[in-house]
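Summary of structural features
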Amino acid sequence: MNLPREEGVWKPVLNEETGQTLHQALTVQKIRVAGRILRSTDKTMEAVAGESGFGSVQRFFFRFREQTGMTPAQFRRKGGGFRA
């Protein structure tokens, strides 16, 4: 996808292309990054939250569970599979 530089122009394009707002698209990307870190390391939840771009551990836990249906710890214990 090739987005124009002007924010007022690309926000609707992003929404049309993905069906997501910019905030939603960024959250999904952060969750994907967090999932990779959880699967491949034994880093603390604080480290995972920070490295995946969340401002707080609480916000990370909330968004992770909202998107995946499980806590980050449950995800790690189950070997890192997202629900369909």
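Structure first, text after, so check above.
Below is a short write-up of the structure. Since the model is a prediction, treat every value here as computed from it, not as a measurement.

1. Notes on the overall build of the protein
- What the protein contains, in helices and strands, is five helices and zero strands.
- Along the protein, from the amino end to the carboxyl end, the secondary structure elements read α-α-α-α-α.
- Going through the 84 residues of the protein one by one, you find that 27% of them count as buried.
- Across the protein, every contact between residues at least 6 apart in sequence was considered, and the portion connecting residues at least 24 apart equals 35%.
- Split by element, the accessible area of the protein, about 5,700 Å² in all, is 50% carbon and sulfur.

2. A closer look at the nonpolar core
- If you look at the biggest cluster of nonpolar residues, it comprises 12 residues: I31, A34, I37, L38, M45, V48, A49, F54, F60, F64, M70 and F75.
- Those elements giving two or more residues to this core turn out to be α2 (22-40), α3 (45-51) and α4 (57-68).
- Ranked by the residues each element gives to this core, the list is headed by α2, at four residues.
- With near-sequence residues (within four places) excluded, M45 lies in contact with L38, F60, F61, P72, A73 and R76.

So, how was this worked out
Residues numbered from 1 in each chain as written. Predicted model: local features only at pLDDT ≥ 70, side-chain atom pairs only at ≥ 80, totals over all residues. Heavy atoms only, no water. Helix = DSSP H or I, 4+ residues; strand = E, 2+ residues; numbered from the N terminus. Buried < 20%, exposed > 50% of the residue type's maximum accessible area, 1.4 Å probe, protein only. Contact = heavy atoms within 4.5 Å. Areas by Shrake-Rupley, 256 points an atom, 1.4 Å probe, with all protein chains shown as cover. Core = buried A, V, L, I, M, F, W, Y, C linked by side-chain atoms within 4.5 Å.

These results come straight from atomic positions and should not be treated as a statement about function.
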